[in-house]
Amino acid sequence: MLLTRECDYALRTVRALAQGGRQSVGSICREEHLPHQYAYKILKKLEHAQIVRSFRGIHGGYELCRPLDRLTIYDVLAAIDDSLFINECLEEDYRCPNNLHHRPCRLHEEFHRLQAMLVEGLREKTLDQIL
């Protein structure tokens, strides 16, 4: 997994909303220097993952619907990208030409170990502790 630009923007969106209250897409984009064309897509994914909620109308906008002490970097990244793998060979349906007799190569085993460490690290602290 490389942290994609979309993942970075999602974390910055949550950081903007962490200040509390309802914010418009425009204010989030201005505060975090995000391009508008990404913001709606990201907010829709965060809403689908029940991290933010949207409000329509003249006083509409977005706000967090989960407290920061129950939200991790992993939660935000998983809402944006459901394939958080450091290498494609870790994906369930991936067919590696280097697997001999249906056994993963040693690199795969090391990637698996590193993946577990990465996920653990991303879940280790809440956003409340970080922000």
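Figured I'd write up the structure that's included with this text. Keep in mind it's a predicted model, so treat the numbers as computed, not measured.

### A word on the environment of Asn87
Step number 1: Positionally, Asn87 belongs in the loop between helix 4 (73-80) and helix 5 (106-124).
Step number 2: Each C-alpha atom of the pair Asn87 and Gln115 lies 8.7 Å from the other, and the pair is 28 residues apart in sequence.

### Here's the deal with the nonpolar core
Step number 1: Ranked by internal contacts, the top residues of the largest apolar core, which has 29 residues, are Val14, Leu46, Ile51, Val52 and Val76.
Step number 2: Listing elements by their share of this core, those giving two or more residues are helix 1 (5-17), helix 2 (25-32), helix 3 (36-48), strand 2 (61-64), helix 4 and helix 5.
Step number 3: Per-element accounting of this core gives the leading share, 6 residues, to helix 1.
Step number 4: Here Val52 is in contact with Leu17, Leu43, Leu46, Glu47, Tyr62, Glu63, Leu64 and Cys65, once residues within four sequence places are set aside.

### So, the state of the cysteines
Step number 1: Enumeration over the complete set of coordinates arrives at 0 disulfides.
Step number 2: For the unlinked cysteine Cys29, the closest cysteine sulfur is that of Cys7, found at 17 Å.
Step number 3: Summary of cysteine pairing: Cys65 is not part of a disulfide, and the nearest cysteine sulfur, belonging to Cys7, is at 18 Å.
Step number 4: According to the relative accessible area criterion, Cys65 is partly exposed, its value standing at 25%.

### Looking at the side chain of Thr72
Step number 1: The residue Thr72 is located in the loop between strand 2 and helix 4 in this model.
Step number 2: Since its relative accessible area comes to 10%, Thr72 is described here as buried.
Step number 3: In contact with Thr72, other than residues within four places in its own chain, are Leu122, Arg123, Lys125, Thr126 and Leu127.

### Here's the deal with the packing of helix 1 against helix 2
Step number 1: The contact between helix 1 and helix 2 brings their axes to 9 Å, and the two run at 110 degrees. Classed by the angle they form, the pair helix 1 and helix 2 counts as roughly perpendicular. Packed against helix 1, whose contacting residues are Arg12, Thr13, Arg15, Ala16 and Leu17, the element helix 2 presents Ile28, Glu31 and Glu32 at the interface.

### Remarks on the environment of Leu68
Step number 1: For Leu68, the location among the structural elements is in the loop between strand 2 and helix 4.
Step number 2: When the C-alpha atoms of Leu68 and Leu131 are compared, they prove to be 8.7 Å apart, with 63 residues separating the residues in sequence.
Step number 3: Residues within four places of Leu68 in sequence aside, it is in contact with Val14, Ala18, Thr126, Leu127 and Asp128.

### Digging into the side chain of Gln23
Step number 1: With respect to the element layout, Gln23 can be found in the loop between helix 1 and helix 2.
Step number 2: Polar contacts involving the side chain of Gln23 include one to the main-chain carbonyl oxygen of Ala16, which spans 2.7 Å.
Step number 3: Within the structure, the side chain of Gln23 is placed 3.5 Å from the side chain of Ser27, a separation counted as a polar contact.

Quick notes on the rules
Residues numbered from 1 in each chain as written. Predicted model: local features only at pLDDT ≥ 70, side-chain atom pairs only at ≥ 80, totals over all residues. Heavy atoms only, no water. Helix = DSSP H or I, 4+ residues; strand = E, 2+ residues; numbered from the N terminus. Core = buried A, V, L, I, M, F, W, Y, C linked by side-chain atoms within 4.5 Å. Buried < 20%, exposed > 50% of the residue type's maximum accessible area, 1.4 Å probe, protein only. Contact = heavy atoms within 4.5 Å. Disulfide = S-S within 2.5 Å. Axes fitted to C-alpha atoms, helices over the stretch in contact; angles between N-to-C directions. Parallel < 35°, antiparallel > 145°, perpendicular 65-115°, else oblique. Polar contact = N/O pair within 3.5 Å; in protein donor to acceptor, adjacent residues only side chain to side chain.

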